[in-house]
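Take a look at the letters that make up each chain.
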Amino acid sequence: MPMVVGVVAGVAVAAVLVLIGLFKMMWRVAEPNEALVISGSKHRTEGLEEGMGFRIVTGRGTLVLPGVQAVRKLSLDLNETELHVDCVTHQGIPLKVRGVVIFKVGDDFVSIANAARRFLDQQKLMSERVHNVFAGHLRSIVGGLTVEDMIRDRDKLTGQTRAACGTEMEKLGLIVDSLQIHEIEDPTGYIQNLAAPHAAAVQRDARIAQAEANRLATEAEQQSYARMAEATRDSEILQAGYQAERDKAGAKARQAGPLADAAARQEVVVQETRVAELEAHRREQQLQADVRKPADAQAYEKRTLAEAERDARISAAEARAKETELAAAAEATRVKAAAGAEAEATKTRGAATASATRATGEADAAAAQARGLAEAEAAKAKGLAEAEAIKARAAALAENQEAVVAQQLAENWPEIVQAGASAFGNVDNMVVLNGADGMADMFAKALTMGGTGLGLARRLLASMNQDGQAPEGNSPLNGLVQKVPMDEK
């Protein structure tokens, strides 16, 4: 059994290894700078017509069936080709053009498919094919240009060449990244001769410039010498002037004493004259302050007071006129308002008095009627109540005299007890013998007095029933029994 398990495990491992090997053989990965062209089965790629018979893979992996499908790689790297083209210009001058073309296979599937159909087995010959294409177009373009055009505008030559080769390069599946014209060689010396007049002109201009520079230098030297002589002259003049100033200063120094005395005397005279002028000015100012200013002030004061008084009189007159006018208007308005208010007040008072009189009469009548009705109802209710009370008392006396007497006694018991206790009112000290038994005897006597009173009440009621009238006098039972008419018994 363990051998069987081992064999099975070995077989499984071998199968896995075989599968891994097969997967490695079938799996192909396209590098970033290459494209896989897979042929052997019908495929349809976006942008390509049907029936191409191959598949293009870039930047990813894919499965390839060995023996059924073939895989080949197309490089997407940059390629470079040197241009060495012998051309003839429009002027018939032979030239040699040197340049470089940098190109590559396009990144889209159409360009890769076009390049694969043309260069898949001849990728090393791609630079030669591109050189031939550019050489033919470059000869054609140079044949339509002059040497001067080519020298002065190389960008034009480059642009026309790229534009002419663009269609053919697209058919080949290639794109041009750069085209540079490095050099234009002239074996006949035309370009050199073309430059000779310019060189001669430049040489001439150089000689003229040198002569002009020499002339300017000479003039500058002469001017420098003249300025030197002028400076010498100015120096001598200045020295003579300085000497004259020194001589003049010496003479002045020698005359300084007499001149100083004369100047001092002149200054004294000037100061005295200024003092006299100041004194005269002071006196004039004093007169102005003492005489003219007060006079002007008095005149201004009188004139101002007169104008102020006049303005005050005018203002007072205007104010009085305005006040009179306003007072008259106010009085007229007040009289008119007072008359209107009085008329309205009279009318309102009359209406109010009438309304008040009418309301007072109606209220008094209603009150008198209400009082009469209330008094009548009260008298009626009182009579009915008294009649009912008398009738009820008579019925009660007829039915149960003892109960009525007991009720009356119970209601007047405090007065009865007070009357019984008045017998002890003059007793200062009371001695009760036998303690609690003495108190019991005393209460028994009080109760006996109550019973006696109850019996007396019964006899009085019995006699009243026999005689048909209540007892008279100041008997205590006068408040208990009222006289009842005979027709109500």
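To start, this report covers the structure provided alongside it. Quick caveat, the model's predicted, so the values are computed rather than measured. Here, residues in each chain are numbered from 1, in the same order as that chain's written sequence. It should be noted that, the model being predicted, local features are given only for residues of pLDDT at least 70 and side-chain atom pairs only at 80 or more, the latter also being counted only at that level, while totals for whole chains, interfaces and linings use all residues. Values reported for side chains reflect all heavy atoms of the structure, with hydrogen atoms and water molecules removed beforehand.

1. Let's talk about the overall build of the chain
Heads up, the rule is: The secondary structure listing takes helices from DSSP runs of H or I that are at least 4 residues long and strands from runs of E that are at least 2 residues long, numbered from the N terminus. The rule is simple: take the accessible area with a 1.4 Å probe, protein chains only, and divide by the maximum for that residue type; under 20% is buried, over 50% is exposed, in between is partly exposed. Here a residue-residue contact requires only that any non-hydrogen atoms of the pair lie within 4.5 Å.
A count of helical and extended segments in the chain gives 9 helices and 8 strands. Relative to its full complement of 489 residues, the chain shows a buried share of 18%. A separation of at least 24 residues holds for 68% of the contacts in the chain among residues at least 6 apart in sequence.

2. Looking at the side chain of Ser111
The residue Ser111 is located in helix H2 (residues 109–119) in this model. Take Ser111: its relative accessible area is 9%, and that puts it in the buried class. Sequence-distant contacts of Ser111, defined by excluding residues within four places in its chain, comprise Val105, Gly106 and Gly173.

3. Side note on the sheet that holds strand S5 (residues 70–75)
Note the cut-off: The pairing criterion for strands is at least two bridges between them, as found by DSSP. Working convention: axes come from line fits to C-alpha atoms, limited for helices to the stretch in contact. Angles between N-to-C directions cover 0 to 180 degrees.
Spatially, S3-S2-S5 is the arrangement adopted by the 3 strands of the open sheet, whose pairing is antiparallel. Of all the strands in the sheet, just strand S3 (54–58) and S5 have a single pairing partner and so form its edges. Averaged over all pairs of adjacent strands, the angle between their axes in this sheet comes to 25°, without regard to strand direction. Its contacts with the sheet place H2 against strand S2 (34–39), S3 and S5, and it is angled at close to 120° to S3.

4. Structural notes on the pattern of salt bridges
The cut-off we apply is this: Salt bridges are defined by distance alone: a side-chain nitrogen of Lys or Arg within 4 Å of a carboxyl oxygen of Asp or Glu.
Scanning the entire structure with this criterion turns up 14 salt bridges. Between Asp234 and Arg233 there is a salt bridge, with the nearest N and O atoms lying 3.2 Å from each other. For Asp234, a relative accessible area of 31% translates into the label partly exposed. In this structure, a network of salt bridges that share partners links the residues Glu212, Arg215 and Glu219.

5. Focus on the sheet that holds strand S7 (residues 94–105)
Across the sheet, which stays open at both edges, the 3 strands sit in the order S6-S7-S8 with antiparallel pairing between neighbours. The open sheet has two edge strands with one neighbour each: strand S6 (79–88) and strand S8 (174–185). With direction set aside, neighbouring strand axes in the sheet form an average angle of 25°. In this structure, S7 lies alongside S8, joined through 10 bridges in antiparallel fashion. Among the inter-strand pairings, Arg98 is bridged to a residue of S8, identified as Glu183.

6. Re the nonpolar core
This is how the line gets drawn: Residues enter a nonpolar core if they are buried and are Ala, Val, Leu, Ile, Met, Phe, Trp, Tyr or Cys, with the set joined through side-chain atoms within 4.5 Å. Residue ranges for the domains originate in an automatic or database domain assignment.
Grouped together as the largest cluster of nonpolar side chains are 41 residues, with contacts concentrated most on Val101, Val105, Phe134, Met150, Leu157, Met169 and Leu174. Here the element with the most residues in this core is helix H3 (residues 126–143); it accounts for 8 residues. Mapping this core onto the domain boundaries places at least three of its residues in each of domain 1 (27–74) and domain 2 (76–188). Those residues in contact with Leu157, other than ones at most four positions away along the chain, are Leu138, Ile141, Val142, Leu145, Met150 and Ile181. Judged by nonpolar contacts, the second largest core, of 5 residues, contains Ala30, Leu36, Ile38 and Val64.

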